[in-house]
Amino acid sequence: MDASVLDRIAALRIVPVVVVDGADEGARLADALVAGGLPVAEITLRLPNALAALRAVAAEQPDVLVGAGTVVTAAQVDEVVEAGAQFIVSPGTFEPVVRRAQELGVPILPGVATASDVMRALDLGVRTVKLFPASIAGGPAAIKALSAPFPQVRFMPTGGVNAVNLHDYLDLPSVIAAGGSWMVERPLVTAGDWAEITRRTVEAVALAAPRTTTPED
């Protein structure tokens with residue numbers, strides 16, 4: 001795992017989970033995130049032209065840490081890396097996907113929901129994983145429970161993370177960042193409401209800032 005990419009993710013504390021279709025949407029949304037102070041995006045492979053969006057951001061906005069999400073096959077690993085993805089996120093821990101990312105030298109955060117998933121990730125040499133879907137898999141309580149037998153594992157919870165519960169996750173020492181989509185909701189993208197995306201991003205960055213004191217459990 002590329003420590004520099006993980007360090008950048010940990011410093012930003014939030015990874016916007018983005019659903020965009022095409023180069024223009026990708027570039028415009030990346031601009032809105034940068035304007036809001038959050039130069040990172042996980043572009044999910046959920047729409048037909050997601051790769052074009054990824055390629056546009058990687059080529060035109062080199063200061064943005066751009067990754068690919070919803071990567072579920074080894075062939076998709078090849079596609080997103082060719083398009084310029086700097087990190088890969090997968091909904092599950094699937095050996096062919098993890099192995100291919102490792103072969104290409106691109107950091108991957110595979111999804112886990114159970115202790116068995118974590119053990120599978122560790123066996124593949126992965127120490128930073130995505131708890132997914134976080135809200136259904138047990139939320140902050142699940143991360144606390146999994147951190148007891150697996151103290152070496154770091155988590156990026158995604159799925160059901162929002163402005164209300166963000167610090168429930170970020171206050172946990174084993175969480176490096178949280179993935180969320182509330183600042184980049186698909187209707188805002190299709191409406192071209194880039195100003196609202198920037199406004200929400202500014203709020204999210206301020207909200208995610210480290211607290212001077214951590215609330216007691």
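Reading the values: rules and limits
- Position numbers for residues count from 1 along each chain, tracking the sequence in the order it is written.
- In view of the model being predicted, local features appear only for residues whose pLDDT reaches at least 70, and side-chain atom pairs are presented and counted only at 80 or more, with totals across whole chains, interfaces and linings using the full set of residues.
- The side-chain figures draw on all heavy atoms in the structure; neither hydrogens nor water molecules are used.
- For helices the rule is a DSSP run of H or I covering at least 4 residues; for strands it is a run of E covering at least 2, with both sets numbered from the N terminus onward.
- We compute the radius of gyration over the C-alpha atoms and compare it with the globule rule, which gives 2.2 Å times the number of residues raised to the power 0.38.
- Burial classes follow relative accessibility: with a 1.4 Å probe on protein chains only, a residue under 20% of its type's maximum area counts as buried, one over 50% as exposed, and anything between as partly exposed.
- Should any heavy atoms of two residues lie within 4.5 Å, those residues are considered in contact.
- Using the Shrake-Rupley algorithm and a 1.4 Å probe, accessible areas are obtained, with residue cover drawn only from the displayed protein chains.
- Neither His nor the chain ends is counted toward charge; the positive residues are Lys and Arg and the negative residues Asp and Glu.
- By convention, charge coordinates are those of NZ in Lys, CZ in Arg, CG in Asp, or CD in Glu.
- Only Phe, Tyr and Trp rings take part, Trp by its six-membered ring, and two of them pair if their centres are within 6.5 Å. Stacked means planes under 30 degrees apart, edge-to-face means over 60, and tilted covers everything else.
- Whether a charge sits over a ring comes down to the Lys NZ or Arg CZ being within 6 Å of the ring centre and within 35 degrees of the ring normal.
- Pairing between two strands requires that DSSP report at least two bridges joining them.
- We call a crossover right-handed when, viewed with the strands running away from us, the connection from the first strand over the helix to the second turns clockwise.
- For this quantity, the arc is that covered by the directions from the helix axis to the C-beta atoms.
- The definitions used throughout rest on a 1 Å grid laid over the protein atoms alone, on which a cavity is an enclosed set of points accommodating a 1.4 Å probe that cannot get out and a pocket is an open set flanked by protein within 12 Å on both sides along at least five of seven lines; lining residues are those having an atom within 4 Å of a point.
- Grid points are joined across faces, edges and corners, and a volume is the space filled by probe spheres set on the points.
- Put simply, Ala, Val, Leu, Ile, Met, Phe, Trp, Tyr, Cys and Pro go in the nonpolar bin, Asp, Glu, Lys and Arg in the charged bin, and everything else, Gly too, in the polar bin.
- Here, expected helix span is obtained from the residue count minus one, scaled by 1.5 Å.
- By convention in these notes, a salt bridge is any Lys or Arg side-chain nitrogen within 4 Å of a carboxyl oxygen on Asp or Glu.

Asks: So what about the overall build of the protein? Which residues, and what values?
Replies: Along the backbone of the protein there are ten helices and eight strands. On C-alpha atoms alone, the protein measures out to a radius of gyration of 16 Å, which is about the 17 Å that the 2.2 N^0.38 rule sets for 217 residues. When its C-alpha atoms are laid out on the principal axes, the protein stretches across 45 × 40 × 30 Å. Taken over 217 residues, the protein has a buried fraction of 50%. Here the analysis covers contacts within the protein between residues at least 6 apart in sequence; of these, 60% occur between residues at least 24 apart. Surface summary for the protein: the accessible area is close to 9,300 Å², and the carbon and sulfur share equals 55%. Measuring between centres, the 16 positive side-chain charges of the protein sit 4 Å from its 24 negative side-chain charges.

Asks: Quick one: what's the story with the packing of aromatic side chains, residue by residue and with numbers?
Replies: A complete count under the given rule lists zero aromatic pairs for this structure. Directly above the ring of Phe-132 sits Lys-130, whose terminal nitrogen or CZ lies 4.2 Å from the centroid.

Asks: For the pairing of strand S3 (residues 65–69), give the residues involved together with the corresponding values.
Replies: The side chains of a regular strand alternate between the sheet's two faces. Taken across its five residues, S3 has five buried, putting it largely inside the fold. The side-chain alternation of S3 yields two buried faces, one formed by Leu-65, Gly-67 and Gly-69 and the other by Val-66 and Ala-68. In the sheet, strand S2 (residues 40–44) pairs with S3 via five bridges, with the strands oriented parallel. Bridged to Glu-42 within S3 is Gly-67. Since S2 and S3 lie parallel, the crossover through helix H3 (residues 50–60) that links them has a hand, and here it is right-handed.

Asks: Residues and numbers for the sheet that holds S2, please.
Replies: In any sheet, the strands associate via hydrogen bonds between backbone groups, in a parallel or an antiparallel arrangement. If you walk across this open sheet you meet the eight strands as S7-S6-S5-S4-S3-S2-S1-S8, and the pairing is parallel. A strand with exactly one partner marks an edge of an open sheet, and here the two such strands are strand S7 (154–155) and strand S8 (178–180).

Asks: Go over unusual backbone geometry with me, naming the residues and quoting the values.
Replies: For the bond from Phe-132 to Pro-133, the omega torsion is -15°, close enough to zero to count as cis. With a phi close to 55°, Thr-70 is a non-glycine residue in the positive phi region. Counting through the fold element by element, Thr-70 comes out in the loop between S3 and helix H4 (74–83).

Asks: Give me the lowdown on H4, citing residues and values where you can.
Replies: Where H4 is concerned, the buried positions are Gln-76, Val-77, Val-80 and Ala-83. Along H4, the residues classed as buried sweep out an arc of 135° about the axis, all on the same side. Looking at the buried residues of H4, the elements they touch are H3, S3, strand S4 (87–90) and helix H5 (95–104). Residue Gly-84 follows H4 closely and has a positive phi angle near 115°.

Asks: I'd like to hear about the layout of surface pockets, residue by residue, with values.
Replies: Approximately 200 Å³ is the volume attributed to the second largest pocket. Residue lining of the second largest pocket: 15 residues in total, with Val-17, Arg-46, Thr-158, Gly-180 and Ser-181 positioned closest to the centre. Among the residues forming the lining of the second largest pocket, the class breakdown is six nonpolar, six polar and three charged.

Asks: If you had to explain helix H2 (residues 23–35) to someone new, which residues and values would you point to?
Replies: The end-to-end C-alpha separation of H2 is 18 Å, in line with the 18 Å expected for 13 residues at 1.5 Å each. Within H2 the residues assigned to the buried category are Glu-25, Gly-26, Ala-27, Leu-29, Ala-30, Ala-32 and Leu-33. In this fold, the buried residues of H2 make contact with strand S1 (14–18), S2, H3, helix H9 (186–190) and helix H10 (194–208). Downstream of H2 by one or two residues, Gly-37 has phi in the positive range, about 90°.

Asks: Tell me about the pattern of salt bridges, and name the residues and values.
Replies: What the rule picks out here adds up to ten salt bridges. The partner of Glu-103 in a salt bridge is Arg-100, and the shortest N-O contact between them spans 2.9 Å. Within this pair, Glu-103 and its partner Arg-100 are both found in helix H5, separated by three residues, close to a single helical turn. Note that Arg-199 and Glu-203 form a salt bridge whose closest N and O atoms lie 2.7 Å from each other.

These figures come from the coordinates and say nothing about function on their own.
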